[in-house]
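Residues per chain, in single letters:
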Amino acid sequence: MAFNKDYLDLIFVPGGLLVMFAYHLYLLYRYLNFPQTTVMGLDNHDKKAWVVRIMQGDKKDIAIALTVIASNTSAATFLASVSLTLSSLIGAWIGNNSSNIFRSDIIYGDTRPSTMSIKYISLLTCFLLAFSCFIQSARHFVHANYLISTPDSDVPPKMVEVAVIKGGDFWSLGLRALYFALDLLLWFFGPIPMFVSSVVLVVILHYLDTNSTPLHRYRPPGGKMAKRVAEIS
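Here we look at the UniProt feature "transmembrane region" (unreviewed entry) in the protein chain
Then step 1. Within the UniProt annotation, "transmembrane region" (unreviewed entry) is assigned to residues 7-29, 117-138 and 184-208.
Then step 2. Between the C-alpha atoms that bound residues 117-138 the distance is 32 Å, and the span itself is 100% helix and 0% strand.
Then step 3. Taken end to end, residues 184-208 is 80% helix and 0% strand, and its two terminal C-alpha atoms sit 21 Å from one another.

Here we look at the environment of Arg176
Then step 1. Tracing the backbone shows Arg176 in helix α5 (residues 157-185).
Then step 2. According to the relative accessible area criterion, Arg176 is buried, its value standing at 13%.
Then step 3. Measuring from C-alpha to C-alpha, the distance between Arg176 and His24 comes to 8.9 Å, with 152 residues separating the pair along the chain.
Then step 4. Discounting chain neighbours no more than four positions away, the residues touching Arg176 are Tyr23, His24, Leu27, Leu205 and Asp209.

Remarks on the side chain of Asp209
Then step 1. As for its placement among the helices and strands, Asp209 is situated in helix α6 (residues 191-209).
Then step 2. For Asp209, a relative accessible area of 8% puts it in the buried group.
Then step 3. Sequence-distant contacts of Asp209, defined by excluding residues within four places in its chain, comprise Tyr23, Leu27, Arg30, Thr37, Thr38, Val39 and Arg176.

Focus: the nonpolar core
A general tendency of soluble globular proteins is for nonpolar side chains to be buried together.
Then step 1. Counting residues in hydrophobic clusters, the biggest one holds 21 residues, and the most contacted among them are Leu123 and Leu184.
Then step 2. When residues of this core are traced back to their parent elements, those giving at least two are α1 (7-33), α4 (113-149), α5 and α6.
Then step 3. Excluding residues within four positions of it along the chain, Leu123 makes contact with Ile90, Ala181, Leu184, Leu185 and Phe188.
Then step 4. If you look at the next biggest cluster of nonpolar residues, it comprises 12 residues, including Ala65, Phe141, Val155 and Val160.

Some thoughts on the packing of α1 against α6
Then step 1. Between α1 and α6, the shortest axis-to-axis distance is 8 Å and the interhelical angle comes to 10°. It follows from the interaxial angle that α1 and α6 lie roughly parallel. In the packing of α1 onto α6, the handedness of the crossing is left-handed.
Then step 2. When its residues are assigned to classes, the contact of α1 with α6 shows 15 nonpolar, five polar and three charged.

Describing the packing of α4 against α5
Then step 1. Contact geometry of α4 with α5 gives a least axis separation of 8 Å together with a crossing angle of 165°. As judged from the angle between their axes, α4 and α5 are roughly antiparallel. Once α4 is placed against α5, the crossing between them reads as left-handed.
Then step 2. Along the lines of polarity and charge, the residues of the contact of α4 with α5 split into 25 nonpolar, eight polar and one charged.

A closer look at the packing of aromatic side chains
Then step 1. Applying the stated rule across the entire model yields five aromatic pairs.
Then step 2. Aromatic pair Phe12 and Phe195: ring centres 5.5 Å apart, planes at 65°, arrangement edge-to-face. Of this pair, Phe12 sits in helix α1 while Phe195 sits in helix α6; the two residues are 183 residues apart in sequence, bridging distant segments of the chain.
Then step 3. A relative accessible area of 27% places Phe195 in the partly exposed class.
Then step 4. With centroids separated by 5.6 Å and ring planes inclined at 70°, the aromatic side chains of Phe134 and Trp171 adopt a geometry described as edge-to-face. Residue Phe134 is located in helix α4, and its partner Trp171 is located in helix α5; the two are separated by 37 residues in the primary sequence.
Then step 5. On the basis of relative accessibility, which here comes to 0%, the residue Phe134 falls in the buried class.

Thresholds, definitions, all that
Residues numbered from 1 in each chain as written. Predicted model: local features only at pLDDT ≥ 70, side-chain atom pairs only at ≥ 80, totals over all residues. Heavy atoms only, no water. UniProt positions renumbered as here; feature names shortened; annotations may be inferred. Helix = DSSP H or I, 4+ residues; strand = E, 2+ residues; numbered from the N terminus. Buried < 20%, exposed > 50% of the residue type's maximum accessible area, 1.4 Å probe, protein only. Contact = heavy atoms within 4.5 Å. Core = buried A, V, L, I, M, F, W, Y, C linked by side-chain atoms within 4.5 Å. Axes fitted to C-alpha atoms, helices over the stretch in contact; angles between N-to-C directions. Parallel < 35°, antiparallel > 145°, perpendicular 65-115°, else oblique. Left-handed = near helix turned anticlockwise from the far one by under 90°. Nonpolar A, V, L, I, M, F, W, Y, C, P; charged D, E, K, R; others polar. Phe/Tyr/Trp six-rings, centres within 6.5 Å; stacked < 30°, edge-to-face > 60°.

Set out below in C-alpha cells:
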C-alpha cells in the first residue's frame, strides 16, 4: 500500500496542536499554583505595588497612572483592530474560490478543498478570539482609568488591582491566540512546517514565560506599601 502524503496532516497537525496545548496547560498550572515562577506572576506582583503607590499618591502620580493606562488601552485597541482586519481578509479570501495558491503540488500535505476550508476556519477562529480578548483587555483598562480618575473618592485599591490585572490577563490571552494563529498559518505550507513551528514556539515561549528572579519586596519610606502588598499577595 503506497503512502499518501495526505496522511501527514493526520499525524503532524494533531501532534503540533497537542504540543502547544500541553505547554499552555502546564503554564496555567504554574501560573495558578506557583505564580512567582512565571513572568505573568511577576508582572501581577509589580502591578499590585504600582496600584497601591498610585492610590496613595498625589495628583501628579494619578496623572502618570492615567498616561500608563492610556498607553495600554491604545496598544490593546491597536491589536484588536489588526486582528479584526486580518479576520476580514481571511473571510474575503475564503469567499474567493478562484484562489489556489495553497493548493499547489509543492505543498507536501493534504490540499483538498475540505481540508483547506478547515485551515481557513481555524485561522479565522484564532484571530476572532484574539480580537475578543484584546477588546476585553481594553475594557478593563478603561474601567481602571475611571476608578483612578474619580475625584475625591474612597475607591479601594483592590478594585483598581482587579481591573488592571484582568486587563493584563486578557492581553496575554490575546497574544496566545496570535501565537496559535501563527502556528496555523504555517499549516498552509504543509503539516511538517506546522509541527516544527509548534516545537520552536514552545521552546521560545518557555524561555520567555519563565521567571527566575525573586519577587521584589517593595519597601518605600514608612513601609505602608510593603504592608499592603503583603496583604494582597
